[in-house]
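Below, each chain spelled out in residue letters.
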Amino acid sequence: MKTTDTATPGVETPGSPGGSGTEVIKTVAPAPRKASKSEGATLNVFSHGVLIIWAIMVVMPLLWAVMTSFKTDKAIFTSPWALPDKLHFENWSRAWTEAHMSDYFLNTILVVGGSLLGTLLFGSMAAYVLARFDFPGNRFIYFLFIGGMSFPIILALVPLFYVMQNMALLNTLHGLILVYIAYSLPFTVFFLTAFFRTLPTSVAEAAFVDGASHTRTFFQVMLPMAKPGLISVGIFNFLGQWNQYLLPTVLNTEPERKVLSQGLVQLAVSQGYKGDWSGLFAGLVMAMLPVLAAYIIFQRQVVAGLTAGAVK
Amino acid sequence: MQHGKYRFIVGFLAAPLALYALFVIWPFVQSIYYSFTDWTGLSPEFGMVGFDNYSRMLDDEVFWKSLQHSLTFAVVLPLVTVGLALFFAFMLNVGGRRRKGAAIAGVRGSSFYKIVYFFPQVLSIAIVALLFQFAYNPNSGAINSVLKGVGLGSVQPDWLGDPDLALICVMVVLVWSTVGFFVVLFSAGMASIPRDFYEAALLDGANRFTTFFKITLPLLWDTVQSGWIYMGILALGAESFAVVQIMTVGPSGGGPDYSTIVLPLYVYQKAFRDGQAAYATTIGVALLLLTLAFAAVVMKLGRRERLEF
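Residues numbered from 1 in each chain as written. Chains lettered and ligands numbered in written order. Predicted model: local features only at pLDDT ≥ 70, side-chain atom pairs only at ≥ 80, totals over all residues. Heavy atoms only, no water.

**Examining the overall build of chain B**
Alright, step 1. Tallying secondary structure elements over chain B gives twelve helices and zero strands in all.
Alright, step 2. Over its C-alpha atoms, taken along the principal directions, chain B stretches across nearly 80 × 75 × 30 Å.
Alright, step 3. Separation between the mean location of the 20 positive side-chain charges and that of the 18 negative ones in chain B comes to 17 Å. (Helix = DSSP H or I, 4+ residues; strand = E, 2+ residues; numbered from the N terminus. Lys, Arg positive; Asp, Glu negative; His and termini not counted. Charge placed at Lys NZ, Arg CZ, Asp CG, Glu CD.)

Written out as structure tokens, the structure reads:
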């Protein structure tokens with residue numbers, strides 16, 4: 001970035017990014033100003049260059065996958081980067097029905113729907129109590145919850161497998177839901193406790209004085225007030241649970257109950273069921289598109305939800 | 001607010017706490033206990049063996065390999081990811097052409113870049129791993145055919161099949177998928193740094209390089225540090241398990257000659273493939289210690305005077 005001191009008039013040709021006007025450039029500007037002005041120009045070109053390269057590196061693999069999902073198997077192998085000769089939609093329909101993508105989608109929706117609801121309900125209940133009530137053991141329980149954020153899940157998975165087996169929860173969707181909820185609680189409680197602490201106490205007290213029970217105060221007054229926090233933490237959990245791979249891989253091996261991520265991996269392992277690479281790519285894109293589309297529509301909330309926790 | 005308070009507290013805490021204790025706390029406690037037994041996981045019978053598993057672990061070559069790889073992940077990945085993300089975020093927020101009177105300016109279209117960079121973050125790590133597994137395919141993969149296309153037909157690495165390259169290939173994927181998150185995170189942090197700091201520095205003749213190290217980085221340090229820990233825990237835990245398990249199939253999983261095996265994958269293999277549940281939990285304990293040590297070291301190294309603004 002030291003090349004920038006070459007602020008010769010020759011560089012400042014019309015249309016060059018540095019020549020942003022006529023006012024100061026020639027002589028009157030104080031030296032440091034002038035140097036950094038042209039620094040801005042070179043740097044601007046440089047930064048755009050670098051930024052665009054990374055943007056291409058992010059988008060290319062995704063576009064490549066979409067393109068490949070419309071090609072025949074032969075075309076995938078012979079010319080990976082060529083455009084498809086025509087759009088082979090049959091890859092998609094084959095993946096949807098024969099490769100069981102529809103089942104995987106349904107399972108994922110059921111599991112994520114159930115566990116998201118449970119996570120938000122249980123998480124907010126625990127967080128509310130921990131944030132607003134003083135009782136012996138409060139701090140202990142709080143740290144018990146948030147301690148779970150730093151432990152490697154894989155360590156607990158070995159005994160968990162047998163706990164689930166003994167309770168006949170292994171390979172069931174409701175078992176998976178319970179586990180998802182349990183492993184989502186640490187972050188959810190951590191986040192929502194901080195959130196409930198920021199809410200004003202006066203409203204809840206007023207409701208209580210008016211004769212509402214604690215439970216009623218919580219559901220009718222506090223929860224609606226906590227909506228922004230619930231949305232943030234909800235998005236965080238939604239993506240985490242939708243994309244979960246480790247837990248289902250260990251706890252849910254029944255073929256027809258597989259969720260999306262493990263189903264896709266299963267397909268790939270069995271050589272894209274009988275060497276059907278195009279169908280596999282169609283499945284891959286099928287799993288990718290809904291989340292990407294949702295992200296593009298709700299990107300503000302998604303970004304806020306995902307980054308909210310990490311900054312604290 | 002006293003009336004019925006304790007009944008309410010117990011009522012609200014019971015279900016979440018029970019769930020958490022049963023599926024998270026209890027297995028954790030158990031796994032430490034099991035690491036002192038010879039439990040296979042297949043039969044309910046087992047006996048105490050003291051530190052046998054631990055001494056066995058110290059003699060286990062594959063354990064040392066996976067430890068070494070996991071350590072590499074924990075050191076290299078945060079360094080590269082956080083470094084790249086800081087670089088991009090600084091470009092986005094400060095790299096732009098200066099408009100009239102402004103001390104700093106973001107590049108045009110910075111919000112567009114942020115949206116695009118974030119893409120991989122919303123995708124399942126399993127999907128990302130599968131996608132790159134195809135891209136790395138030595139015969140018909142996207143990467144090698146690009147090499148062929150630009151006249152480098154003689155350079156056709158085996159990528160994931162090459163023991164020397166496989167680990168790097170896997171790490172690249174993790175970097176690819178996480179950089180965007182940190183770019184957005186750091187951008188938010190940078191946007192909250194008051195502009196007059198930059199203006200003052202500019203009047204003193206500081207260039208952007210100096211500005212970055214003297215103003216941006218110190219003021220962003222807390223965020224960088226928590227990002228660092230977050231990335232390290234990811235690299236030691238579930239994310240590394242998923243990419244390695246999916247991308248490097250090999251005869252036994254973990255790449256050619258265990259060249260990509262990482263601790264979480266080794267735990268998984270021992271427990272669910274080899275029927276050595278007790279030994280698996282021992283390796284898991286090692287992973288836990290490594291994770292805690294990593295966080296402690298980063299916190300210690302990162303301790304600085306807190307800057308308020």
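Now, onward.
**What to know about the pattern of salt bridges**
Pairs can form between side chains of opposite charge whenever their charged atoms are close.
Residues and elements named next belong to chain B.
Alright, step 1. This model, assessed by the stated rule, comprises three salt bridges over all chains.
Alright, step 2. Taking the shortest distance from any N to any O, the salt bridge between Lys270 and Asp274 comes out at 3.1 Å.
Alright, step 3. The class of Asp274 is partly exposed, set by a relative accessible area of 27%.
Alright, step 4. Between Arg273 and Asp274 there is a salt bridge; the shortest N-O distance is 2.7 Å.
Alright, step 5. Judged by its relative accessible area of 41%, Arg273 is partly exposed.
Alright, step 6. The network of salt bridges with shared partners includes Lys270, Arg273 and Asp274. (Salt bridge = Lys/Arg side-chain N within 4 Å of Asp/Glu carboxyl O. Buried < 20%, exposed > 50% of the residue type's maximum accessible area, 1.4 Å probe, protein only.)

**Focus: the packing of helix 8 (residues 201–209) of chain A against helix 9 (residues 214–225) of chain A**
All names here are of chain A.
Alright, step 1. Look at helix 8 against helix 9: their axes get within 10 Å of each other, and the N-to-C directions meet at 145 degrees. Where helix 8 crosses over helix 9, the two elements pack in a sense that is right-handed. When helix 8 is examined against helix 9, the residues Val203, Ala204, Ala207 and Phe208 are found in contact with a partner set consisting of His214, Thr217, Val221, Met222 and Met225.
Alright, step 2. Here the contact of helix 8 with helix 9 is composed, by residue class, of seven nonpolar, two polar and no charged. (Axes fitted to C-alpha atoms, helices over the stretch in contact; angles between N-to-C directions. Left-handed = near helix turned anticlockwise from the far one by under 90°. Contact = heavy atoms within 4.5 Å. Nonpolar A, V, L, I, M, F, W, Y, C, P; charged D, E, K, R; others polar.)

**Details of the interface of chain A and chain B**
Alright, step 1. Tallying the contact residues gives 99 residues for chain A and 92 residues for chain B.
Alright, step 2. Counting each side, the surface lost to burial between chain A and chain B is near 8,900 Å², with a carbon and sulfur contribution of 81%.
Alright, step 3. Interface area lost by chain A to chain B is led by Leu51(A), Trp54(A) and Leu155(A), which between them contribute 9%.
Alright, step 4. The interface formed by chain A and chain B contains zero salt bridges.
Alright, step 5. The interface formed by chain A and chain B includes 13 residue pairs in polar contact (both at pLDDT 80 or more). (Buried area = accessible area lost by both parts, 1.4 Å probe. Polar contact = N/O pair within 3.5 Å; in protein donor to acceptor, adjacent residues only side chain to side chain.)

**Focus on the side chain of Ser187(B)**
Alright, step 1. One can find Ser187(B) in helix 7 (residues 166–191).
Alright, step 2. Those residues in contact with Ser187(B), other than ones at most four positions away along the chain, are Ala89(B), Leu92(B), Asn93(B) and Lys114(B).

**Remarks on the packing of aromatic side chains**
Alright, step 1. One pass over the full model with this rule turns up 57 aromatic pairs over all chains.
Alright, step 2. Ring geometry for Phe182(B) versus Tyr230(B): centroids 6.2 Å apart, planes at 70 degrees, classification edge-to-face. Note that Phe182(B) is positioned in helix 7 and Tyr230(B) in helix 9 (residues 208–236), a separation of 48 residues in sequence.
Alright, step 3. Residue Phe182(B) is classed as buried on the basis of its relative accessible area, which comes to 0%.
Alright, step 4. The class for Tyr230(B) is partly exposed, based on a relative accessible area of 31%.
Alright, step 5. Positioned over the ring face of Tyr142(A) is Arg197(A), at 5.7 Å from the centre of the ring.
Alright, step 6. The cationic tip of Arg56(B) hangs over the ring face of Tyr279(B); the distance from NZ or CZ to the ring centre is 3.7 Å. (Phe/Tyr/Trp six-rings, centres within 6.5 Å; stacked < 30°, edge-to-face > 60°. Lys NZ or Arg CZ within 6 Å of the ring centre and 35° of its normal.)

**Side note on the environment of Val267(B)**
Alright, step 1. Counting through the fold element by element, Val267(B) comes out in helix 11 (residues 263–272).
Alright, step 2. Using a relative accessible area of 1% as the deciding quantity, one classes Val267(B) as buried.
Alright, step 3. As a C-alpha pair, Val267(B) and Ala278(B) span eleven residues in sequence and 10.0 Å in three-dimensional space.
Alright, step 4. Discounting residues that sit within four places of it in the chain, Val267(B) has contacts with Ile154(A), Val158(A), Ala280(B), Ile283(B) and Gly284(B).

**Side note on the UniProt feature "transmembrane region" (unreviewed entry) in chain A**
Residues and elements named next belong to chain A.
Alright, step 1. According to UniProt, the "transmembrane region" (unreviewed entry) feature falls on residues 45–66, 104–128, 140–163, 175–196 and 277–298.
Alright, step 2. Secondary structure across residues 45–66 comprises 100% helix and 0% strand; the distance between its end C-alpha atoms is 31 Å.
Alright, step 3. In this annotation, residues 175–196 is assigned 100% helix and 0% strand; the end-to-end C-alpha distance for the span is 30 Å. (UniProt positions renumbered as here; feature names shortened; annotations may be inferred.)

**Quick look at the confidence of the model for chain B**
Residues and elements named next belong to chain B.
Alright, step 1. Counting all residues, the mean pLDDT for chain B is 87, and 93% of those residues have values of 70 or more.
Alright, step 2. Here helix 6 (residues 142–149) is the element of chain B with the lowest mean pLDDT, 82, and helix 2 (residues 52–58) is the one with the highest, 94.
Alright, step 3. Across the interfaces of the predicted complex, the ipTM metric reaches 0.88, alongside a pTM of 0.86. (pLDDT = per-residue confidence, 0-100.)

**Considering the side chain of Ser115(A)**
Residues and elements named next belong to chain A.
Alright, step 1. Within the secondary structure, Ser115 is located in helix 4 (residues 101–132).
Alright, step 2. For Ser115, a relative accessible area of 0% corresponds to the buried category.
Alright, step 3. Sequence-distant contacts of Ser115, defined by excluding residues within four places in its chain, comprise Ile177, Tyr180, Ile181 and Gln241.

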